[in-house]
Each structure stands twice: as C-alpha cells, then as structure tokens.
Amino acid sequence: MKALAVMLLLVLVLLASGGGRALVASPSGAMAAETVSAAEAAVGHPGAPKLTPPDYPRYGGLNSRVVVWVAAQLHLFFAAFVLGVPIFVLAIEFIGWRNRDPRYDRMAHEFIKISMGAFSLTATSGGILVFALVALYPGLFAYLTGIFGPVMLLYALLFLAETACLYAYYYGWDAMQGRRKPGHILLGLGLNLVGTALMVLSNSWATFMMAPSGVDARGVFAGDVWAAVAGPLWTPLNVHRFLANIAYGGAIVGAYAAYRFIAARTPGEKAHYDWMGHTANGVAIVALLPLPFAGYWMTKEIYDYSQQMGITLMGGVFAWLFIIQAVLIGTIFLAANFYLWCGMARLDGTSRTAYLVKYIAGVLVICFLVWFTPHTLVMTARETAALGGAYHPVLGPLGLMSAKNTAVNVMILATFLTYQLFRRSMVRSTQSWMARATRLQVAFYIAAVANIVWLGVYGYFVPANVRIGLSVPQVATTLLVIVVCVVVDEAIASRSERVHMIHWGRMPTRAQYALFTLAVAFTWLMGLMGYIRSSIRQHWHVYTVMRDGSADAFTPTIGHATSIVSASTLVFLLLILFVFWLSGLGRGQAVASGPVAAPATP
Amino acid sequence: MTGVLRVGGYAVGLIGLFTAFSYYGIPQLVPEPPPAEEQVSGAMMIEEFVAAGARIYARACVLCHSGLGDRAPKLDAIATVWRERVDDPRYRGNAKSLEEYLRESMIEPSAYVVKGFGKPGSGDTESPMPGANRGALALSPGEIDAVIAHLQSTAGAKVTVAPRPVPASGVERPAAEATVGEKAPDAVAALQKFQCDMCHHLPGLAVEEGARLPGPDLRKLRETAANRVAGMGARDFIVESILFPARVTAEGFEPGLMPEDYGDRMLAAELQMIVDYLAEGR
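Note that residues are indexed from 1 along each chain, following the sequence as it is written. Numbering of ligands from 1 and lettering of chains from A proceed in the order in which they are written. Whole-chain, interface and lining totals are the exception, using all residues; otherwise, since this is a predicted model, local features are given only for residues with pLDDT of at least 70 and side-chain atom pairs are given and counted only at 80 or more. Excluded from the side-chain calculations are hydrogens and water; all other atoms, namely the structure's heavy atoms, are used.

Asks: How should the overall build of chain B be read in this particular structure?
Replies: Looking only at helices and strands, chain B has 10 helices and 0 strands in total. Strands are runs of DSSP state E lasting at least two residues, helices are runs of H or I lasting at least four, and both sets are numbered from the N terminus onward. Reading the secondary structure of chain B in the N-to-C direction produces α-α-α-α-α-α-α-α-α-α. Residue burial is assigned from relative accessible area. The probe radius is 1.4 Å, only protein chains are included, and a residue is buried under 20% of its type maximum, exposed over 50%, and partly exposed in between. Classification of the 282 residues of chain B by burial places 43% in the buried group. Methods summary: accessible areas were calculated by the Shrake-Rupley approach with a probe of 1.4 Å, and residue burial reflects only the protein chains presented. For chain B, the computed accessible surface area is about 14900 Å², with 55% contributed by carbon and sulfur atoms.

Asks: How should the packing of aromatic side chains be read in this particular structure?
Replies: Any two aromatic rings considered together are summarised by their centre-to-centre distance and by the angle between their planes. Residue and element names in this part refer to chain A. Working definition: rings of Phe, Tyr and Trp (its six-membered ring) pair if their centres are within 6.5 Å, and the pair is stacked with planes under 30 degrees apart, edge-to-face with planes over 60 apart, and tilted otherwise. Following the criterion strictly, the structure yields 31 aromatic pairs over all chains and no others. For the pair Tyr 56 and Tyr 137, a centre-to-centre distance of 5.6 Å together with 80° between the ring planes defines the contact as edge-to-face. In this pair, Tyr 56 sits in the loop between α3 (38–43) and α4 (64–99) while Tyr 137 sits in the loop between α5 (102–136) and α6 (138–171), placing the two residues 81 residues apart along the sequence. Each member of the pair Tyr 56 and Tyr 137 is classed as buried. Look at Phe 368 and Phe 372: their rings are 5.8 Å apart centre to centre, the planes differ by 25°, and that puts the pair in the stacked class. Placement of both Phe 368 and Phe 372 in helix α14 (residues 357–372) is noted, with a separation of 4 residues, approximately one turn of the helix. Judged by relative accessible area, Phe 368 falls into the buried class, the value being 18%. By way of ring pairs, the aromatic residues Phe 77, Phe 78, Tyr 248 and Phe 572 are connected into one cluster. To sit over a ring, a charge needs its Lys NZ or Arg CZ within 6 Å of the ring centre and within 35 degrees of the ring normal. If you follow Arg 98 out to its NZ or CZ, it ends over the ring of Trp 97, 5.2 Å from the centre. In this arrangement the basic side chain of Lys 270 is found over the ring face of Phe 261, its NZ or CZ atom lying 4.4 Å from the centre.

Asks: Hey, could you run me through the interface of chain B and chain A in this one?
Replies: Much of the literature gives interface size as the accessible area that the parts lose upon coming together. Two residues qualify as a contact provided that any one of their heavy atoms is within 4.5 Å of a heavy atom in the partner residue. Contact with chain B, which involves 52 residues of that partner, is made by 59 residues of chain A. Overall, the association of chain B and chain A removes approximately 5100 Å² of surface from exposure, summing both partners, and the carbon and sulfur fraction of that is 71%. Salt-bridge detection follows one rule: a side-chain nitrogen of Lys or Arg within 4 Å of a carboxyl oxygen of Asp or Glu. Viewed at the interface, chain A and chain B are joined by 0 salt bridges. Among the elements that make up the side of chain B that touches chain A, the one with the highest residue count is helix α1 (residues 2–25) of chain B (15 residues). Think of it as three bins: nonpolar holds Ala, Val, Leu, Ile, Met, Phe, Trp, Tyr, Cys and Pro, charged holds Asp, Glu, Lys and Arg, and polar takes everything else, Gly as well. Per-class residue counts for the side of chain B that touches chain A are 34 nonpolar, 11 polar and 7 charged. Accessible area that two parts lose when put together, with a 1.4 Å probe and added across both, is what the buried area reports.

Asks: Which parts of the structure should I look at to understand the pattern of salt bridges?
Replies: Pairing between side chains of opposite charge can happen when the charged atoms of each approach one another. All chains considered together, the criterion is met by 13 salt bridges over all chains. Notably, a salt bridge pairs Arg 103 of chain B with Glu 99 of chain B, separated by 3.0 Å at the nearest N-O pair. On the criterion of helical spacing, the pair formed by Arg 103 of chain B and Glu 99 of chain B is a turn pair, its members being 4 residues apart in helix α4 (residues 98–107). Among the ionic pairs, Asp 276 of chain B bridges to Arg 235 of chain B, the shortest N-O distance being 2.7 Å. Here Asp 276 of chain B, found in helix α10 (residues 268–280), pairs with Arg 235 of chain B, found in helix α8 (residues 234–243); they are 41 residues apart in sequence, far enough to count as distant. Owing to a relative accessible area of 30%, Arg 235 of chain B belongs among the partly exposed residues under this scheme. If you follow the salt bridges from partner to partner, you end up with Glu 93, Asp 105 and Lys 181 of chain A in one network.

Asks: So what exactly am I meant to see when it comes to unusual backbone geometry here?
Replies: Across the chain, the bulk of peptide bonds are trans and the bulk of non-glycine residues have phi less than zero. Of note, Arg 100 of chain A is a non-glycine position whose phi angle comes to about 55°, a positive value. Mapping Arg 100 of chain A onto the fold places it in the loop between α4 and α5. Unlike most non-glycine residues, Asp 124 of chain B shows phi in positive territory, near 55°. Note on placement: Asp 124 of chain B falls in the loop between α4 and α5 (141–154).

Asks: Sorry if this is basic, but what is going on with the confidence of the model for chain A here?
Replies: Residues and elements named next belong to chain A. One confidence number per residue, pLDDT, is output by the predictor and ranges from 0 to 100. Per-residue pLDDT for chain A has a mean of 84; in total, 86% of the residues score no lower than 70. Per-residue pLDDT, averaged within each element of chain A, yields its smallest value for helix α2 (residues 21–24) (35) and its largest for helix α7 (residues 181–210) (96). Note that residues 14–39 has pLDDT below 50 and, in this model, 42 contacts with residues that lie over four places away or in other chains.

Quick look at the structure:
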C-alpha cells in the first residue's frame, strides 16, 4: 500500500510539473529573459536553461548534491535488487515445476519474500529522490520533464502494474499450485517484463544526461521522445544493468541465506540455507561472468560517442577509481571462489581435483595484482627521479588495458574452472569418449589462455583505439570456452554414474562470511561505478547541453566520493538486514524438514 | 539478534576497509573546478598570449595530445608536417598556412585525420576529436587563437596570431558562463581577489586596527557563524551570506551594500576555500 501511495504522489508531481513548463522559470528569472531562437519557436520547446547558483534552492544545512546522491543511490540499490530477484526466482520456479521438485518452489518463494520486503523501500526511496530533485534541482528536473514527461508518466503507470504483478505473484503463490502453476509462471513472466520495461525507461534519463540525443546543441528538443530515449548509450546500459541486477540480486539473497545459516539451529535449517546460499552464489557468479564484457561494450560506446569523455573516464582523474574497482572485483572473485572451494567439503571423501585449488588461487591472485597495477602514478619530482620516469620500468606496462583485459579474462576462466571442478567431482566417467572429451576441454583451456595472452601482448604494438577493439576477440575466446565446457559437461553428466552424495549444511561458518563479502563488495562496487558513470559528465547536468551552474559544479575528491558511497552502502545494508530479520519472522518450522543429504545433482 | 550484530559488524568492518583504502591507498587528487574562459585581451603582450594558450592547452587538449602519441597525434613537429598533410590526397580542407591548418584542425577535425587515429570503422576519414569551438570544449575564438599561438611557439614556428580586441559587449559567452578569471591559489588570495578586505576585517589580512569598515568584522566568524541563524550550520550560513547577502544583514550595518553577484563571479573551488577558511580556519 505504501508503494501505491508513493507512486500516486509521484504521478501527481509529474502532472503538476505540466511537462516541465511551469518549473522552467528560474528564481532568478534568467531563463525567462532569454531570447527564443528560431529553432525553439519552430518546435515549441525551449533550449536547455542556463542556470546560476540562485537557481538552486538551498534548505537549511542540507548539501543538495549529497542529498540527491544518497537518495538516488539508495533507490538504485533497492531497485536493482527488486528487479533482479524475480528474474532468477522465475527460473528457479520453472525448474522446480518441470522437475516436480517442491524444494525449488519453496526456495523461489522464500527469495521473492525478501524482495517483497524491499519493495516498499524501493518505492519510498524513489519518492524521496523525486521530491529531492524537484526541491533542490528544479531547473534540471523541469528540463528533463519537458522532454521525458510522457515517458515519466508511463513509468509511473508501469510501476503501478509492477506493484499489482508482484503482489499477485507473491500472495498467489500457494493458491496457484498444481494445474494453476503455468498461470503463476506467466504472472512471473509478466512481472519481469514490466520490471525490465521500468528499468529501460529510467535508464534513458541517465543516458540522455550522458549522451543527449533528440536535442540540438542548445538543448532544444525536437519533439521526438523516442529519439531522446534511444540515445547511443541506452542499449549498452540496459544490458549492463540487466546482468548486474541479476548478479546483485543473487549476492543479496546469498547474504540472506548466509545470515539464516549462521542463525540456524537444526541440521535441516542449515541444509536448506546452505543449498539456498549455494544457489544464490551460483546466480551471482553466472551473471557476473559476462558483466565485464557488458562493461567493455558500454565503455566502447562512450568512446565512440565522445573520445573526450572516454579519456576522462579511463585516463583522467577517474582512472584512479578503477584501481578501487580492481580491489572490489578482486574481492568478489576471491570470495566467490573461496565459497566454491569450501563447498567441496559437502562431498563425500576427497575431491579428485582438490589439488588444483591452490593453483587456481595463485592464478587469481596474480591476475588481481595485474588488474590492480595503476598506469600513471602521481609522484613528487624526487619520486619520479628515483623511479627513472613517469612509469615503473617493469610494472608500468601492466597498467595498460591490454594487461587488464587479459587478467580479467583469465580470472573469469579460473572461476569457471572452479565451478566446473565442483560439478565434475560428483561424477565418474564411464565411457572412453568421456576421457577424450575431458582432454579436449583441457586443450581448449590451454589454447584459450594462449590466445588471450597473445592478444594482450599484441595490444602493446597497436594504437589505443585498436587496442580497445582487441577486447572483443578476448571476450569471445572466454565465452567460447565456457559454452564448449558447459555442453561437454552436460553430455558427460547425463551419461555418467554419480559417485558422491552432497551433504548440504556441511559448510564452515567462514564460508557464509564469504557470501557476506560478496554482498558488501557488490553493493559498494555498484555505488562506486554509478558515481563514475554519472561524474564523467563533470560540470554538466546534460553533457555539452546543460551546464551545472550550482556551487557544487566540481568533481569531489576521491575520498569524499567514496565516503558517500560507503554511507549509502551502510544505510542500505542496515535496511536490508532489517528486511532479512522481518522475512525470518514466524518461519522457523517451514524448513525443519529440508534435505540434509541429496544425490549429487548440481 | 546476535546474528544481526555479527554480520552487521562484519559488513561495517568491510566497508571501513574499502573506505580506508580509498583514502589512504589512492592519491587524493583535487580535481579542477569547472573551466572558466581564459582572459585573452588585446592589451596582452605576445608572451602573455602564448602563455594563456599554454594554459588552455593544458586544460582542454593535453589529456589526448599528451605528447605520447597514443591517444592523439603528437604536435611537436607540426610546423613541418602540416605541409605534407595538406598535400595528402586524403586532405579535405582549405588551409594555406600553418595557422589556417591548426585552426581548421581544431574546428573541423575531420578535414584531415592522421592515419591510425580515426574513429574505428571510418577508415581514418572521421576524427574522434570534438570541435574545439563547441560541445564540451566550447573555446572562444580568442582562446583558439591563443592555443594556435602556443602550438606555433612550441613547434618553433613564427607566431602569426595576435590577441583580438575585446568586443564592446565585453564577453562572448552567455552570462551563466561569465568570465571569472584565474583561480586564486588559496583562501586569503581569494578574499583579496574579490576585495572582501575593503569592507570586512578578516583573519589573515591586516587592516588598520580600529578602522571603521562598512561590513561586519569577520575575524571571529568561526565562533559565531553557527549561532547566527537558527537551524543553519556555520558553513551554510557563510555560503548563504556570500551568495545571497540580502537574506541576512548583520545588526547595525546598512543592508544592500554587499554585491549580490559573487555566485556568478566566484569559482566553486574559491567559494569552498573561503568557507573552509572562515568556518574552520583551514
């Protein structure tokens, strides 16, 4: 109900803004005094207003930028979570229905229950964000509303549809079992379609601010809303966020499972939440693997749109933030792999492939260090003289994208190998072709790593724009290995004998903290990357079209920016812990009979 | 509840680690404030004009034209290579001199694209460089002249451009991007730049003791600012007083004396320095 109330208020705000016209007149009156150009007169839309500090109302001791920043970040955290979870919930529910396994159904229901708890917080934070924008940045909000007014109204209506679908999907879960299950799955599909539509609509506002389309150089809107929506960065951002939402949803429900595992008192509960954590970790990792590639695509499109913006992103002050990103992604990969390695303890006896873990860990650490190496160091003259130049003579080359692309592709392959080893530990090859297929897989790994490293080295001998393009064959190589190995593994698993039982719940508590590490690192990473994406506009509200005229029109120091990210992450995690606690109320008996040991069906 | 505290504590610790790394593991670069138009006046000596061009170049061009030749072509030998380029069959411009070639390259970068530096897929027919007179760069004609002078000078060629006379209207840009001059290096310099000491006693700026000035004494503002307006912190009070002086007039002083256009003339970083200095003494 709270969500409905907030959205109705949102609709009222949008209607009251009257497509933005009412708010265009700034407090200073500067915009009203501007001469209307021929282009503006022709299309009936004003250009982008030229704002000055008095156009930004201030309230008491509030720092407008920080208020909007935190509100937007919290809304994005919650929105990513509630949009990501239903995607894999639907997949899990479908698997349970097709396999007639009620465990999947129960787990999917529990996942969506957490999402329900977070839904009202999504709507509330969205409402706060809209009000903050209207109150603190009226000129910007009016300009955007003048262009995206119809899209915003559609967004509000879709949010109502999302609310209806989610409530019906969750509350109809028990009633729509048996013959009604297909109907329930269709309802879940509708929920996801509406959710995805919501995401892509709101993405268009962000990408318009980065790479405006449908307007001229003065910001005069030509009247074609679709042209403004479908800007050059819209599709890559849609793909990136779609994948990231799934990974993020997986990480957060993984934290929920870890929290419940730690608090569990019976073997049945531990087994249930261990299985849930394993599934959530799998979801997060599967969605994480293609994310760097979606990120490359997004970055490439940024370069194509504006090389200046691209170099600001990767070669200017923001480049240092990618060192922090490397630390976070390294943390995510190590935590996820650590959890998978711990998971081998669930199997009977010693895994035949356990000895490989130390080598995989070594590869991950080396790749992490390569990714972590900065390109350009900020040094004093004395330090530069001591180093013999601006770059370290040995480590300097590792700072280039060629080395980093190579490192991340190898990290992905190493993580996939960990997952593959876990699966293969459960089966024993029974036919001769299986041994040959396994050797083929090993050959694929060796050839792929050689190709990725070769492309990385080649990148040092070509111009920067060609070097960026080399990431495509590197990514294709990685994906090819994953696809081939999955197909071969499936063929082997379906014709082999199971040699191990999985003892769900036989996991050390420290593995649960690895799941928490994933959730915290994912959240912090989202905050950081969101800041970078938004800040490469620098002193522009809408890049090259509408300048930020406020007193805050400067890029903050890295420390200040990351403090805001940390504060937002902390608030979100406290709220989500509250949601976890609420979700756990009154469900102690429900999982008491969960599986403790099950045949190895990964 | 114990479980919540354990995992909550772990999460806080982890966030603390990430934050600490960001503070202490990464250089705390202070990014530049938004670029302001360089003062290029007809009264400049040629050395000043070239130096102004160097400042603009450092601000707007050097990120790509870094001299390494990896992101954009090197320009150190431009005085000789421009002839080869305009004679190249791929050249689509009209330049007849180095000055014209440089101007053309800045305004219409695709007139000639150095091999290997075109947009991917364009066959080096389209440059990724934005036009210097528009978009995010939006250099004025005077600024473009200054950059040309700087490039000619560094390439060892004769400087053939001179500062233009300032138009009668004073500025070439809209009021919102009004000229604000070079950024003051510190708070005291910023206070002097805006002549705050003409009307106020200020910490760190000596004014004859006992002199009666038209504005309040601000030497103890650090202790009093937080209590001037109920619900408003010291920093916000100072920001408000600078940007909107008419809103708060100190008792015993005449209203309306303080200019109300500091918001247009002061760089954001200068405002921040002044506020830091007056509110916290740093």
